[in-house]
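# Geometric and topological summary
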2 protein chains.
Amino acid sequence: MKMNYASLTSAQAAEQYDKLQAEYESWKAKNLKLNMARGKPSSMQLDLVSDILTVLQDPAECHVDGLDARNYGELAGLRCAREYWADVLGCSWQETFVGGASSLTLMYDVISKAFTHGLKNSEKPWCKEEVVKFLCPSPGYDRHFRITQSFGAELITVPMTENGPDMDMVEELVKDPAVKGIWCVPKYSNPQGITYSDETILRLAKLKPAARDFVIMWDNAYCVHEFEGEFKPFADMLALCREQGNGDMVYEFASTSKITFPGSGISVMASSEENIAYMLKLMDVQMISYDKVNQLRHVKYLKDKAHTLEIMKRHAGVMAPKFDLVLKTLDKELAPLGFASWNKPAGGYFVSLDTMPGTAKRALKLCAEAGVTMTSAGATYPYGIDPNDSNIRIAPSLPPLEKLEKAMQVFCLCLKLAALEKVMA
Amino acid sequence: MKMNYASLTSAQAAEQYDKLQAEYESWKAKNLKLNMARGKPSSMQLDLVSDILTVLQDPAECHVDGLDARNYGELAGLRCAREYWADVLGCSWQETFVGGASSLTLMYDVISKAFTHGLKNSEKPWCKEEVVKFLCPSPGYDRHFRITQSFGAELITVPMTENGPDMDMVEELVKDPAVKGIWCVPKYSNPQGITYSDETILRLAKLKPAARDFVIMWDNAYCVHEFEGEFKPFADMLALCREQGNGDMVYEFASTSKITFPGSGISVMASSEENIAYMLKLMDVQMISYDKVNQLRHVKYLKDKAHTLEIMKRHAGVMAPKFDLVLKTLDKELAPLGFASWNKPAGGYFVSLDTMPGTAKRALKLCAEAGVTMTSAGATYPYGIDPNDSNIRIAPSLPPLEKLEKAMQVFCLCLKLAALEKVMA
């Protein structure tokens with residue numbers, strides 16, 4: 001029998017609740033241990049790319065670009081690694097800096113240096129400002145928000161639309177000189193899988209912020225991460241900003257974390273040559289260089305953008321059935337009940353779901369008690385607080401299909417229970 | 001004919017100068033390109049350890065310590081890598097944090113976080129202090145000094161004695177609450193190759209600084225780096241400080257930069273468990289973890305301290321003849337002239353030389369013009385300024401022996417020319 005939860009009477013809800021409660025108890029008795037909390041690739045994906053372990057064996061091959069990758073030097077990274085990233089991102093190699101296993105660390109470093117030393121166009125280090133505000137399109141990536149929060153910035157929620165951040169609001173907010181930047185995941189945004197429209201991207205590139213050192217933190221984490229359909233080209237945000245006279249306004253980031261191994265990949269920070277030169281001066285104090293042998297290993301394995309896209313097809317072969325399962329389960333279990341909605345992404349690592357307001361926390365508590373770990377409710381909002389207590393991020397990549405199926409059954413059941421409790425209350 | 005430059009008349013000096021000047025011109029005509037600037041291992045050393053490229057080939061071996069090293073997680077590093085470092089440093093694995101290719105980056109991070117967030121026992125972040133002072137035993141390591149300088153700390157020179165930093169002075173200086181820390185290279189110090197005496201180390205552990213968050217930056221860069229004689233054990237500074245009620249006062253650092261590859265090794269930060277817990281909380285915002293596959297590669301290759309010491313013997317086989325050549329050349333060319341003195345290290349990467357005061361810069365300019373690159377004069381002092389313009393760091397590791405021989409000839413010649421110019425002036 002189909003029923004819309006919104007039109008249930010209390011008695012109907014109670015009856016339904018009792019039925020589902022019995023089902024829930026039987027799931028609990030199974031002592032499951034399932035995890036849909038983080039965008040972690042599965043073992044099967046790691047196995048697909050494990051040839052990278054043997055791609056660099058001959059020490060003679062470490063002599064590249066006129067130097068020995070094994071030795072000290074070359075702060076910005078091996079030339080061939082910079083060229084690889086330039087190919088992937090569509091910028092020039094002079095605009096790149098190659099990092100270690102984590103692009104998050106590069107983002108942290110930009111914000112950290114903004115606070116201690118200032119960015120290239122800063123009048124003073126941000127730690128000397130009365131207040132620093134940062135725009136957080138939400139739902140968004142909790143680790144982005146935490147970086148700026150950790151330095152004491154005030155986080156301002158900007159709603160996401162189907163075309164990206166609400167640009168009317170962004171254009172208004174940047175008139176405040178205390179607003180120093182914005183976090184963006186332009187392609188397959190975390191968690192909604194939204195790709196910013198051309199218009200949104202152009203309006204971002206055209207921004208005229210009051211703060212001269214306003215920075216767009218352009219995390220292109222999923223730039224080649226289609227799991228459905230062909231590769232969708234993306235704009236070179238560096239060029240767009242430059243054309244609008246905003247060359248120094250954007251720092252772009254990407255990594256191989258979901259291309260090769262999350263625990264040992266390479267990352268990139270791309271920006272205007274002037275910004276890169278400025279950052280190199282500061283980073284020269286911090287290190288000699290990131291791991292160049294691993295840079296070389298990656299260039300030998302990934303070769304170029306075209307070959308990288310072939311590898312991404314292999315990942316898609318593992319990812320697509322999982323997303324398919326998630327979406328089919330949601331359609332079957334929740335769509336008729338009318339209290340939840342979700343997106344249907346074609347790439348990235350997440351499905352974002354909005355359940356009945358005021359019930360997300362409770363639903364995930366029920367999940368946890370039944371052995372299913374989800375990203376904390378609220379995590380997709382600044383300070384970890386979702387004002388509607390409604391948004392939930394589903395990360396289906398890690399569990400194998402048969403476990404994912406169980407996890408989704410439990411998840412849907414918990415959403416229903418929490419919603420019924422609300423209706424009954 | 002032997003002559004002591006100090007007792008030359010102007011006329012004698014001028015005669016000598018003309019003779020050496022002709023020799024110098026003939027060296028210049030050779031268009032040499034020799035480098036003794038940095039403590040870079042030679043190609044021969046890199047080849048000795050290049051089996052590390054093939055030590056980890058089977059993806060199945062990436063499953064260690066109950067997790068998959070290829071995937072996300074384990075911020076403090078793989079358990080086996082932490083245990084490796086605990087074995088080398090003589091501390092417990094719980095006191096370690098395993099980093100990437102650069103221990104310098106870990107040092108930078110400690111200082112950076114002290115300024116932005118404060119250390120565990122700080123009353124406030126150092127950026128909120130009126131003034132922050134840092135003790136710099138000199139001659140010392142330029143990259144240490146630059147880190148604290150870059151954050152605006154005031155660098156205070158503490159003279160080095162043959163037993164380590166002048167401890168009377170250190171004990172006096174730490175009474176000032178603005179003095180927040182000290183840079184130390186306790187074994188084969190850079191550049192003098194001095195190993196701190198037991199008494200010095202104990203007095204450091206016993207310090208009672210006015211600043212509650214005073215930090216000893218204990219860079220154990222050359223902890224297993226003998227090139228002459230057997231391995232010399234060193235104290236566990238963490239335990240010593242703990243015994244003196246100063247458990248949180250020290251952060252120790254080391255890396256494999258001069259054990260495996262400088263461009264792609266692993267590093268470690270060791271401190272009290274409380275300090276590590278504090279730093280983990282801050283670093284959790286910055287990254288998921290450093291490169292765990294490379295940690296595993298290193299553990300498989302280096303195995304433990306005993307096996308690491310065997311590998312260091314192989315390095316010593318390459319290093320010892322170079323230091324021998326440097327010291328013999330100095331003895332032959334400079335000892336009779338009485339204007340220079342130098343140390344005779346048994347480990348580390350440098351020979352530190354004091355030439356006639358007021359002539360170091362000039363001598364190195366002459367070197368550069370003849371194609372021999374040296375570490376800049378003054379680099380071993382805070383702000384790059386040697387008040388005596390006398391100290392020079394010789395780094396003989398990179399050039400092969402035959403090139404090193406030429407470089408040393410040119411170097412000694414330039415020291416003589418600069419000294420004679422001074423005598424004649």
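Residues numbered from 1 in each chain as written. Chains lettered and ligands numbered in written order. Predicted model: local features only at pLDDT ≥ 70, side-chain atom pairs only at ≥ 80, totals over all residues.

A few words now on the pairing of strand E10 (residues 250–255) of chain B. Residue and element names in this part refer to chain B. Within E10, six of the six residues are buried, leaving the element largely enclosed by the surrounding structure. Here E10 shows a buried face lined by Val-250, Glu-252 and Ala-254 and a second buried face lined by Tyr-251, Phe-253 and Ser-255. As defined by bridge partners, strand E9 (residues 215–219) adjoins E10 across four bridges and the pair is classed as parallel. Across the sheet, the residue bridging to Ile-216 is Val-250, located in E10. Handedness of the β-α-β unit built from E9, helix H8 (residues 237–243) and E10 comes out right-handed. By the bridge criterion, four bridges tie E10 to strand E11 (residues 267–270) in an arrangement that is antiparallel. Along E11, the bridge assignment pairs Ala-254 with Val-268. (Buried ≥ 20, exposed ≤ 12 C-beta atoms within 10 Å, placed from the backbone. Helix = DSSP H or I, 4+ residues; strand = E, 2+ residues; numbered from the N terminus. Pairing = 2+ DSSP bridges. Right-handed = clockwise from strand over helix to strand, strands pointing away.)

Moving on to the domain arrangement of chain A. Residues and elements named next belong to chain A. What the domain assignment reports for chain A is domain 1 (5–46 + 309–424) and domain 2 (60–303). Each of domain 1 and domain 2 has a C-alpha centre, and these two points are 31 Å apart. Residue-level contacts link 26 residues of domain 1 with 27 residues of domain 2. Among the elements of the structure, helix H11 (305–333) and strand E15 (391–394) are those that each provide at least two residues to the side of domain 1 that touches domain 2. Broken down by element, the side of domain 1 that touches domain 2 gets its largest block of residues, seven residues, from H11. (Domains from an automatic or database assignment. Contact = placed C-beta atoms within 7 Å.)

A word on the relation of the copies chain A and chain B. Of the two same-sequence chains, chain A is brought onto chain B (RMSD 0.0 Å, axial shift 0.0 Å) by a rotation of 180 degrees. Seen this way, the second copy is the image of the first under a two-fold rotation axis. (Least-squares fit on C-alpha atoms with pLDDT ≥ 70 in both.)

Now for the interface of chain A and chain B. Between chain A and chain B, the contact holds 45 residues from the first and 45 residues from the second. Listing elements by their share of the side of chain A that touches chain B, those giving two or more residues are helix H2 (43–48), helix H4 (103–116), helix H5 (142–150) and helix H10 (292–302) of chain A. Broken down by element, the side of chain A that touches chain B gets its largest block of residues, six residues, from H4(A). The residue makeup of the side of chain A that touches chain B, split by class, is 21 nonpolar, 16 polar and eight charged. (Nonpolar A, V, L, I, M, F, W, Y, C, P; charged D, E, K, R; others polar.)

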